[in-house]
Amino acid sequence: MRIGILGNGAMADALGTRWRRAGHRVVTGGRSGGLRGAAESGTDAVLLALPYGAAAEVVAGLADVLRGRVLIDCTNPVGPGFRLLTAGGPSAAERIAAAAPAARVVKAFNLCHVDVWRLDPPVFDGRPLAVPLCGDSPSALSVVRRLVRDLGCEPLNAGGLDRAGLVEATAALLIGLWVGEGADAQAIAPPLTHAGPRGG
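Residues numbered from 1 in each chain as written. Predicted model: local features only at pLDDT ≥ 70, side-chain atom pairs only at ≥ 80, totals over all residues. Heavy atoms only, no water.

**Concerning the environment of Ala 130**
So the rule is basically this: Only DSSP runs of H or I reaching four residues or more are called helices, and only runs of E reaching two or more are called strands; each is numbered from the N terminus. Burial classification: accessible surface area is computed with a 1.4 Å probe over protein chains only, and a residue below 20% of its type maximum counts as buried, one above 50% as exposed, and the rest as partly exposed. Residue contacts are counted whenever heavy atoms from the two residues lie within 4.5 Å of one another.
Structurally, Ala 130 can be placed in strand 10 (residues 130–135). Take Ala 130: its relative accessible area is 36%, and that puts it in the partly exposed class. Considered as a pair, Ala 130 and Leu 111 are 19 residues apart in the sequence and their alpha carbons are 9.9 Å apart. With sequence-adjacent residues up to four places away left out, Ala 130 is seen in contact with Glu 154 and Leu 156.

Okay, structure coming up:
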């Protein structure tokens, strides 16, 4: 696949490096230059790996290039005190989708620290890392599922883009527990066998 990455920070490097190893063609660009070129190169997918505060403005400026593109949002709208910056309003992913309304936005890759994405593969106690995806386009979700599996991870269906705020709030909670409290946040969820009745 041809992947463009908007941003040249740690997340762009970690995910871009892994996707290159998987055989994809990856072009990155930062705010100091190359953003439009990266977006133009991402004919199969574009990863938005910029700080949340800059994301919507950058995407709006590239809306013409992003028309019809799969746009993967890995931003985290988390501020000081592990506060969710979008509380009471649209999620970061929904704001990004509004800035480029013809793009096919998928929320993904925002729950883990960059060092996790450098692992090859991210497997813990024999269990591959699960990556929740939120999006409204079946074809876009199919592309992102492949990219998740190329990292050695397992994609999870987390619903439409209207549920992206739940994933972002989960990130704020987990970061607060991991970083703020030094807690094993994974311990808050019981195994599936003890999670209660399933289905309806």
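**What to know about the nonpolar core**
Rule in force here: Among the buried residues, those of types Ala, Val, Leu, Ile, Met, Phe, Trp, Tyr and Cys that are joined through side-chain atoms within 4.5 Å form a nonpolar core.
Counting residues in each nonpolar core, the largest one holds 32 residues, and the members touching the most others are Trp 19, Ile 72, Phe 109, Trp 117 and Val 144. Among the elements that take part in this core, helix 7 (residues 138–150) stands out by supplying six residues, more than any other. Dropping the residues within four chain positions of it, Ile 72 is found in contact with Ala 45, Val 46, Leu 47, Leu 48, Val 106, Ala 108, Phe 109, Val 144 and Leu 147. Of all hydrophobic cores here, the second largest spans 26 residues; its members include Leu 50, Val 65, Ala 93 and Cys 134.

**Topic: the pattern of salt bridges**
Rules: One side-chain nitrogen of Lys or Arg within 4 Å of one carboxyl oxygen of Asp or Glu is enough to make a salt bridge.
Counted according to the given criterion, the structure contains seven salt bridges. Asp 73 is paired through a salt bridge with Lys 107; the nearest N and O atoms lie 2.8 Å apart. Of the two residues, Asp 73 is situated in strand 4 (residues 70–73) and Lys 107 in strand 7 (residues 104–107); the sequence distance between them amounts to 34 residues. For the pair formed by Asp 73 and Lys 107, the shared burial category is buried. Residues Lys 107 and Glu 168 are paired through a salt bridge, measuring 2.9 Å at the closest nitrogen-oxygen approach. In this pair, Lys 107 is assigned in strand 7 and Glu 168 in helix 8 (residues 164–181), connecting sequence segments 61 residues apart. Taking the relative accessible area as the measure of exposure, Lys 107 reaches 0% and is therefore buried. When its relative accessible area of 0% is taken as the criterion, Glu 168 is described as buried.

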